[in-house]
Amino acid sequence: MTTVEMRQVETAKPGRPWRATPRERAFAIGNFIAAFLLAFVLVKFTGLNGKLGWVFGFFFSYISISFVAEYVRSGKPAAQDSLLTSVSRFAVFIAIIPIASILGTVISKGWRGLHWGLFTQDMSQATVNDPITNGGMLAAIVGTFIMVGLALVFTLPISILTALYLTEIRGKFSGAIRFLVQAMSGVPSIVAGLFILSSIVYPVTQQYSGLMGALALSILMIPTVARTAEEVLLLIPNELREAGLALGATQWRTVAMVVVPAVKSGLVTAIILGVARVIGETAPLLLVSGGGDATNFNPVSGPMGSIPYYVWKSFLLGGTEESSQRTWAGLLVLLIWVMLLFAIARYISSRTKKG
Amino acid sequence: MDDNQNLGQEDSQSKPGEEKKEMKTSTTPRSLADVASNRSIKEPGTNPLGSGLEARGVHAWFGSKHALKDVTLDFAAGTVTSLIGPSGCGKSTFLRTLNRMHEFIPTAALAGEVLLGGKDIYASGTDVTKIRLRIGMVFQKPNPFPSMTIGQNVLSGLKLAQIKAPNTDDLLEECLERAGLWSEVKDRLNEHASALSGGQQQRLCIARSLAVRPEVLLMDEPCSALDPGSTFRIEETISHLAKTMTIVIVTHNMQQAARVSDYSAFLLSDGGPGELIESAPTSELFSRPRDKRTEDYVTGRFG
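Asker: How would you sum up the state of the cysteines? Please name residues and give values.
Answerer: Residues and elements named next belong to chain B. Counted under the stated rule, the structure contains zero disulfides over all chains. Unpaired in this structure, Cys175 has its nearest cysteine sulfur neighbour in Cys205, at a distance of 13 Å. Owing to a relative accessible area of 0%, Cys175 belongs among the buried residues under this scheme. Residue Cys223 stays outside any disulfide, its sulfur separated by 12 Å from that of Cys205, the closest cysteine.

Right under this line is the structure:
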């Protein structure tokens, strides 16, 4: 008995019987080659030409050939299935093109402009057409840091409390406020800038400053953070709130000790998404924070630079090889920041799901 | 102080524990009435500790829907009462009116009185958080707080209600012990509650509600999401707890009602609001129901 069992154990190999057989794989590759040939014919003998012609020609041929082949081999339902698969594959391909293209261009054109002086010098002693080693982004980086940081300080309590009002208090005005917050997230950023300009800068302070920039960014950030926070709070099962209340806690104790800790990482994600939303904003900052070339640490007085402003100015006032290199390097620094923030947000939210 | 007395009583009253062993070893199938009559019925008022609960003409509505009609029912101190009836008969709604959880549903409305120690918990000026401290609740789905460890979960009630306790280590052990979970978790109090099985989580929730020392414990189908082994452990826990507090349990499982409760109440809705059809000592309700509808239900002819 035991020997037989042992032999069985030895001969059992982990396999994946549901995987495609060599024959099925050959069939798929055959489809692919046939589609390629058809695309070649289309590009050669019809009006289609260029890269785009190849892409669409191949798409059209692949969809029709795999549909027909699948129809002949396995019938209509399987053919419909394969049609949907190939169409959605193509849609993904189309969606990725611009993103990959932006990333590729910015990295390939920007990395040559990166140098240490970028982070230690500002543009007060240099013009955009100077050699790239002359001057740097210090003013822009400091300005972006201060303004986004201040915006975060203003946004955080307002948006989290708004989300709590919508999900926990569920007051009489919840519906109207939810609608307003949603509408606010569609406000064009230049409107936020003009609002601060006309309501505070012109009538009250009468000068550009980083604080005004931070206020304009807050207007854009609040709806993003509030909506994301609301969505995470809605995921908390009601049983958890009831458990807290049934233990004799007041509503605010329950919210502070049970609900908020349970979504802590979701709220962090909401905040990071809010920061990522505004870190690249250009228009409102041009209007209210002015554009500083000198490093300015004081948010209440004097114009303050920002990374988007640096990019904008290098592009607009330039026209030389140097200024173009400056523009791409600025874009790359900004892009790295945004990608870093999204990566952190993703990491935090994935850690929650596991834990 | 009170609890020390309770613990002393537990030691002297060893009889229910023996019964449990008897039940477990018996292999012959028995009728519900047999199971129920095997329990020694606790007379009302035999336990001087804690307060009884009295529902007086309780009605409940959700919006314009009349969900519960004129329920008058006494829960004597130190007894276990089970509420039985088919789905939608209003037993959970009724249970939630007993510690004012009903009012969290936005469209909810209520009429009638619920007396705890003779005082209406719905009287104006009543501090509702104090009421819920005295009347604890265990829910259908285990709902430990995910952000807290096992130990923090047990003591969370104290923090939530801002109660100062002198020796939380002792309290922690006592509550877990009473909930029948101590031996399983004593070495992993710092782990997160999500590491526990469903049955353990439910007993953790029981331990959590015990930490604020309620006089009454309401249980809303506490075993419906659990396997038979966990169910058995929780029933043991209930029998144990009944020596020191008043328990009201909603259950769909009539075997369970027969096993754990001294008194049973049958609720039924014939399309309209749920009504109390009959309440009696459990053995009586299962062996000699007065109402035809109760008999049909407990013998499994409908519902």
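Asker: Hey, could you go over a nonpolar patch on the surface for me, with residue numbers and the actual values?
Answerer: All names here are of chain A. Among the surface-exposed residues, Phe36, Phe40, Val41, Phe45 and Trp54 lie close enough to one another that they form a single nonpolar patch of about 530 Å² accessible area. When residues in the nonpolar patch are grouped by element, the largest group, four residues, is from helix H2 (residues 22-45). Here Phe40 is to be found in helix H2.

Asker: With reference to specific residues and values, describe the environment of Ile336(A).
Answerer: Residue and element names in this part refer to chain A. Note that Ile336 resides in helix H14 (residues 321-354). On the basis of relative accessibility, which here comes to 39%, the residue Ile336 falls in the partly exposed class. Sequence separation between Ile336 and Leu103 is 233 residues; the distance between their C-alpha atoms is 10.0 Å.

Asker: Give a detailed account of the interface of chain A and chain B, specifying residues and quantitative values.
Answerer: The extent of an interface is frequently quoted as the accessible surface area lost upon association of the parts. The partner chain B presents 28 residues to the 18 residues of chain A that form the contact. With both sides pooled, the region where chain A packs onto chain B buries about 1,800 Å², and carbon together with sulfur makes up 69% of that total. Inspection of the region where chain A meets chain B yields two salt bridges. With a shortest N-O distance of 3.3 Å, Lys141(B) and Glu239(A) are connected by a salt bridge. Counting only elements with at least two residues in the side of chain A that touches chain B, the list comes to helix H9 (238-246) and helix H10 (251-262) of chain A. At seven residues, H9(A) tops the list of elements feeding residues into the side of chain A that touches chain B. Considered class by class, the residues forming the side of chain A that touches chain B number 10 nonpolar, five polar and three charged.

Asker: Break down the sheet that holds strand S4 (residues 108-116) of chain B for me, citing the residues and quoting the values.
Answerer: All names here are of chain B. Read across the open sheet, the 10 strands follow the order S5-S4-S1-S2-S10-S9-S3-S8-S7-S6; overall the sheet is mixed. Across the chains shown, the open sheet's two edge strands, defined by having one partner strand only, are strand S5 (119-120) and strand S6 (135-138). As paired elements, strand S7 (residues 216-220) and strand S8 (residues 246-250) share five bridges and run parallel to each other. Bridge pairing in S8 places Leu218 opposite Val248. Each of S6 and S7 touches helix H9 (residues 198-210); the most contacted strand, S6, lies at about 170° to it.

Asker: Explain the pattern of salt bridges to me, using residue names and the numbers behind them.
Answerer: For side chains of opposite charge, pairing can occur when their charged atoms come near one another. Following the criterion strictly, the structure yields 24 salt bridges over all chains and no others. Where Arg241(A) meets Glu168(A), a salt bridge forms, and the shortest distance between an N and an O atom there is 2.7 Å. Taken together, the residues span a long stretch of sequence, with Arg241(A) in helix H9 and Glu168(A) in helix H5 (residues 138-169) at a distance of 73 residues. The residues Arg241(A) and Glu168(A) share a single accessibility class, namely buried. Asp296(B) is the partner of Lys292(B) in a salt bridge, and the nearest nitrogen-oxygen pair spans 2.9 Å. Highlighted residues: Lys292(B) and Asp296(B), both in helix H13 (residues 292-298), separated by four residues, approximately one helical turn.

Asker: Hey, could you go over unusual backbone geometry for me, with residue numbers and the actual values?
Answerer: Leave glycine aside and you will find that most residues have negative phi; peptide bonds, for their part, are mostly trans. Look at Gln206(A): it is not a glycine, yet its phi comes out positive at around 55°. Assignment of secondary structure puts Gln206(A) in the loop between helix H7 (189-205) and helix H8 (210-234). Overall, Gln206(A) belongs to the exposed group, its relative accessible area being 61%. Notably, Glu221(B) is not glycine yet its phi reads approximately 45°, a positive angle. Assessed through its relative accessible area of 10%, Glu221(B) is described here as buried.

Asker: Now, about a negative patch on the surface: what can you tell me, with residues and values included?
Answerer: All names here are of chain B. There is a patch of like negative charges on the surface, built from Asp169, Asp170, Glu173 and Glu177. Relative to the elements of secondary structure, Glu177 occurs in helix H7 (residues 168-178). A residue is classified by how much of its surface remains accessible, and Glu177, at 46% relative accessible area, is partly exposed.

Asker: Lay out the domain arrangement of chain A in plain terms, naming residues and giving numbers.
Answerer: All names here are of chain A. According to the domain assignment, chain A contains domain 1 (20-111) and domain 2 (138-354). Just the C-alpha atoms count here: the centres of domain 1 and domain 2 sit 40 Å apart. Between domain 1 and domain 2, the contact holds seven residues from the first and six residues from the second. Buried surface at the junction of domain 1 and domain 2, summed over both partners, amounts to about 620 Å²; 88% is from carbon and sulfur atoms. Summed over the shared surface of domain 1 and domain 2, the result is zero salt bridges. Across the domain 1-domain 2 interface, the total number found is zero residue pairs in polar contact (both at pLDDT 80 or more). Within the side of domain 1 that touches domain 2, the residues separate by chemical class into four nonpolar, two polar and one charged.

Asker: I'd like to hear about the packing of aromatic side chains, residue by residue, with values.
Answerer: Residue and element names in this part refer to chain A. For the structure shown, the criterion picks out 15 aromatic pairs over all chains. With a centroid separation of 3.5 Å and 20° between ring planes, the pair formed by Phe59 and Phe90 is classed as stacked. With Phe59 in helix H3 (residues 50-74) and Phe90 in helix H4 (residues 76-110), the pair connects residues that are 31 residues apart, well separated along the chain. Look at Phe90 and you get buried, because its relative accessible area is 13%. Counting every residue linked through ring pairs, the aromatic cluster contains Phe32, Phe36, Phe40, Trp54, Phe58 and Tyr62. Above the ring of Phe27, the side-chain terminus of Arg73 is found at 4.1 Å from the ring centroid.

Asker: Please set out the side chain of Asn153(B) residue by residue, giving values where relevant.
Answerer: Residue and element names in this part refer to chain B. Along the polypeptide, Asn153 turns up in helix H6 (residues 150-160). Asn153 gets classed as buried once you look at its relative accessible area, which sits at 0%. Aside from chain neighbours lying at most four places away, what touches Asn153 is Pro144, Phe145, Met148, Ala193, Leu204 and Arg208.

Asker: Explain the pairing of S8(B) to me, and be specific about the residues and the numbers.
Answerer: All names here are of chain B. For S8, the tally of buried residues reaches five of five residues, placing the bulk of the element in the interior. Side-chain alternation along S8 places Thr246, Val248 and Val250 on one buried face and Ile247 and Ile249 on a second face that is also buried. When strand S3 (residues 80-84) meets S8, the two strands line up parallel, connected through four bridges. Along S8, the bridge assignment pairs Thr81 with Val248.

Conventions used here
Residues numbered from 1 in each chain as written. Chains lettered and ligands numbered in written order. Predicted model: local features only at pLDDT ≥ 70, side-chain atom pairs only at ≥ 80, totals over all residues. Heavy atoms only, no water. Disulfide = S-S within 2.5 Å. Buried < 20%, exposed > 50% of the residue type's maximum accessible area, 1.4 Å probe, protein only. Patch = residues over 30% accessible without salt bridge, like charges linked within 9 Å, V, L, I, M, F, W, Y side chains within 5 Å. Areas by Shrake-Rupley, 256 points an atom, 1.4 Å probe, with all protein chains shown as cover. Salt bridge = Lys/Arg side-chain N within 4 Å of Asp/Glu carboxyl O. Helix = DSSP H or I, 4+ residues; strand = E, 2+ residues; numbered from the N terminus. Contact = heavy atoms within 4.5 Å. Buried area = accessible area lost by both parts, 1.4 Å probe. Nonpolar A, V, L, I, M, F, W, Y, C, P; charged D, E, K, R; others polar. Pairing = 2+ DSSP bridges. Axes fitted to C-alpha atoms, helices over the stretch in contact; angles between N-to-C directions. Lys, Arg positive; Asp, Glu negative; His and termini not counted. Charge placed at Lys NZ, Arg CZ, Asp CG, Glu CD. Domains from an automatic or database assignment. Polar contact = N/O pair within 3.5 Å; in protein donor to acceptor, adjacent residues only side chain to side chain. Phe/Tyr/Trp six-rings, centres within 6.5 Å; stacked < 30°, edge-to-face > 60°. Lys NZ or Arg CZ within 6 Å of the ring centre and 35° of its normal.

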